[in-house]
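What the coordinates show
Residue-level listing of the chains:
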Amino acid sequence: MADLDAEQRGIAQTIATRLWNSRWLLAAGVVAVVVVYALAGISAYVVLAALLLLLAAATLPAVGTGQSAESGAAIEAIGLQRLSGEYLAAAVADPLIIFDRTATIVHANAAAFAAFGGIAPGMSLSLKFRAPEMQALLDGVLSGDLASDVVDYTEKLPVERAYRVSASSVGHATDLYVLVFKDQSEARRIDRMRADFIANASHELRTPLASIAGFIETLRGPARNDPAARDQFLQIMQSQTGRMARLIDDLLSLSRLEMKPYLKPGTEVDLRETVDSVIDSLGPLARENSVAIERDYADGPLDVPGDRDELFQVFENLLENACKYGQSGGRVVVSIARSDAGSESGIDVTIRDFGPGIPEEHIPRITERFYRVDVETSRTQKGTGLGLSIVKHILTRHNARLSIKSEVGQGAAFSVHLPTH
Ligand code: ADP
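This section reports on the structure supplied with the text. These numbers were taken from a predicted model, which means no experiment stands behind them.

**Notes on the overall build of the protein chain**
On a plain count of helices and strands, the protein chain comes out with 15 helices and 12 strands. Since a compact globule built from 421 residues should have a radius of gyration of about 22 Å, the 37 Å found for the protein chain marks it as more spread out than a globular shape. By principal-axis analysis of the C-alpha atoms, the protein chain measures approximately 125 × 65 × 45 Å. Here the protein chain holds 421 residues, and the buried ones make up 34% of them. Sequence-distant contacts in the protein chain: of pairs separated by 6 or more residues, those separated by 24 or more amount to 60%.

If you want it as structure tokens, here you go:
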């Protein structure tokens, strides 16, 4: 019913516009018919018929090739005139508010109602948005000094949201104005994350650099002629450069992963072979830490779609952590099992250690970049704080899941679920 009304209103509007556009032609026609009627004395019926014909011609859509730019625009606009402003506003995904010259809300779309609870037609915009930047924006367009303007505005409640708000005059003698809110919160969050990441990475690099610089100074000064001190300092400097190199390697790994958009489809990885070679490559570290690595693999083929080098890096990081942080447990169990729980069928690779475990409150954050349960332990274990975030990144690319279970004093189990298709 409402649709029908709106349609009828649209048609009426179109006809009115056509009549208005042909007003001069119509007036001339009426004058001509009246003059002929007065001078030639023709019948009143003929005059009436001529007037009706004129009216019908004026309401018909204009055709022909010699149209002016103005009439071309009018024809183009005819389709739009049937479109109500309400529908147009509803089709806009961003919050949109239409207001009049007294800054009173005339209409708001559903996105605006959802974003700014408590707005309604008839409400004053200046009362709803009291922030000085919003007042200045409204004043600017309402005074007519600017046809449109943009400001950044932050809505504090119920949750903080940053918007770029543009206000513009609809013009065409409507006396209406439009406010559109573009949500910038996600872009800001990413900017903040990037800035934090750069600050963290710089800090991680600066610490060993400062230590190396300090030792160089000592070696050139007080320890110039002390061979024992020189040996000791050079050894520390070497371990610090090693730390910087590991950090740069991990940073490059992360950035390479971010640059690679999608995983190349079609390659299968033999998990048994991959995990075996990870265990072989970490043999020296396990022996150094007196950790025995036990295997518990399911029978049969254990293949999943994926990138072998990337999955190698995942298991290498997890096994290395188990050997380093779970060292006190003396053993690590690596198991590969099929999990066929409905549509989620895949293969689980679990690396379990029997060390101190991870307190519950740290588990949700442990895959964040540079997050460590204990910074000193990580440093002495040559950690960078980036290992698990690399793991998470690679697993996301594989549509895989990482679950971490741990009980303090009992050890930790890192389980990777890889889908088989
Ligand atoms: P790092 O380079 O410091 O090892 P990771 O991202 O690999 O960085 O790990 C983050 C932190 O998670 C580590 O610093 C450590 O505190 C904790 N962690 C990881 N694996 C284990 C584990 N098996 N047992 C106890 N703590 C662990």
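**What about the sheet that holds strand β7 (residues 292-297)?**
Sheet architecture is open: five strands sit in the order β7-β9-β10-β12-β11, paired in mixed fashion. Two strands bound the open sheet, and with one partner strand each, they are β7 and β11 (401-407). On average, each strand axis in the sheet is tilted by 15° relative to the strand beside it, whichever way the strands run. Relative to strand β12 (residues 411-419), β11 runs antiparallel, the two being bridged by seven bridges. Paired with E407 across the bridge in β12 is G411. The sheet contacts of helix α11 (residues 271-281) involve β7, β9 (331-339), β10 (346-353) and β12, and relative to β7 the element is tilted by about 175°.

**Structural notes on the packing of aromatic side chains**
On inspection of all chains with the given rule, the structure shows nine aromatic pairs. When the centroid spacing of 5.1 Å and the interplanar angle of 90° are considered together, the rings of F116 and F129 count as edge-to-face. Placement of the pair is F116 in the loop between α6 (110-115) and α7 (125-128) and F129 in the loop between α7 and α8 (132-142), with a sequence separation of 13 residues. Since its relative accessible area comes to 1%, F116 is described here as buried. Ring geometry for F129 and F181: centres 5.4 Å apart, planes at 35°, overall tilted.

**Let's talk about the site of the ligand**
Taken together, 18 residues lie near the ligand, and Y325, S378, T384, G385 and L388 sit nearest. Contacts to the ligand include S378, whose side-chain N or O atom sits 2.7 Å from an oxygen atom. In this structure, G387 approaches the ligand through a main-chain N or O atom, which is 3.3 Å from an oxygen atom. Only α13 (308-325) and α15 (387-397) provide two or more residues apiece to the shell around the ligand. Here the residues of the shell around the ligand are counted per class, giving eight nonpolar, seven polar and three charged.

**Some thoughts on the packing of helix α10 (residues 227-259) against α15**
Two numbers describe a pair of packed helices, the interaxial angle and the distance between the axes. At a minimum axis distance of 10 Å, the contact between α10 and α15 shows a crossing angle of 20°. Overall, the two elements α10 and α15 adopt an arrangement that is roughly parallel. You can see that α10 and α15 cross each other, and the crossing is left-handed. Across the interface between the two elements, D250, S253, L254, L257 and E258 from α10 touch G387, S389, I390, H393, I394 and R397 from α15. Tallied by class, the residues present in the contact of α10 with α15 amount to four nonpolar, four polar and three charged.

Cut-offs used in this document
All residue numbers refer to position in the chain's written sequence, counted from 1. Whole-chain, interface and lining totals are the exception, using all residues; otherwise, since this is a predicted model, local features are given only for residues with pLDDT of at least 70 and side-chain atom pairs are given and counted only at 80 or more. The side-chain numbers reported here are obtained from all heavy atoms of the structure, hydrogens and water having been left aside. A run of DSSP states H or I qualifies as a helix once it reaches four residues; a run of E qualifies as a strand once it reaches two. Both are numbered from the N-terminal end. Only C-alpha atoms enter the radius of gyration; for comparison, a globular chain is expected to reach 2.2 Å times N to the power 0.38, where N is the number of residues. For each residue, the accessible area found with a 1.4 Å probe, counting protein chains only, is set against the maximum for its type, and the residue is called buried under 20%, exposed over 50%, and partly exposed in between. Residue contacts are counted whenever heavy atoms from the two residues lie within 4.5 Å of one another. Two strands pair under a simple rule: DSSP has to find at least two bridges between them. Whenever a helix is involved, its axis is fitted only over the stretch in contact; in every case the axis is a line through C-alpha atoms, and angles between N-to-C directions fall within 0 to 180 degrees. Aromatic rings from Phe, Tyr and Trp, taking only the six-membered ring of Trp, are treated as a pair when their centres fall within 6.5 Å; an angle between ring planes under 30 degrees marks them as stacked, one over 60 as edge-to-face, and anything in between as tilted. Here a residue is considered near a molecule or strand provided that any single heavy atom belonging to it is located within 4 Å of it. Residues adjacent in sequence count toward polar contacts only when both atoms are side-chain atoms; beyond that, a polar contact is any pair of N or O atoms within 3.5 Å, and within protein one must be able to donate a hydrogen and the other to accept it. Only Asp, Glu, Lys and Arg are considered charged in this grouping, and only Ala, Val, Leu, Ile, Met, Phe, Trp, Tyr, Cys and Pro are considered nonpolar; every other residue, Gly among them, is considered polar. Throughout this description, any angle smaller than 35 degrees is read as roughly parallel, any larger than 145 degrees as roughly antiparallel, any in the 65 to 115 degree range as roughly perpendicular, and the remainder as oblique. Two helices crossing with the near one rotated counterclockwise from the far one by less than a right angle form a left-handed crossing, whereas a clockwise rotation gives a right-handed crossing.

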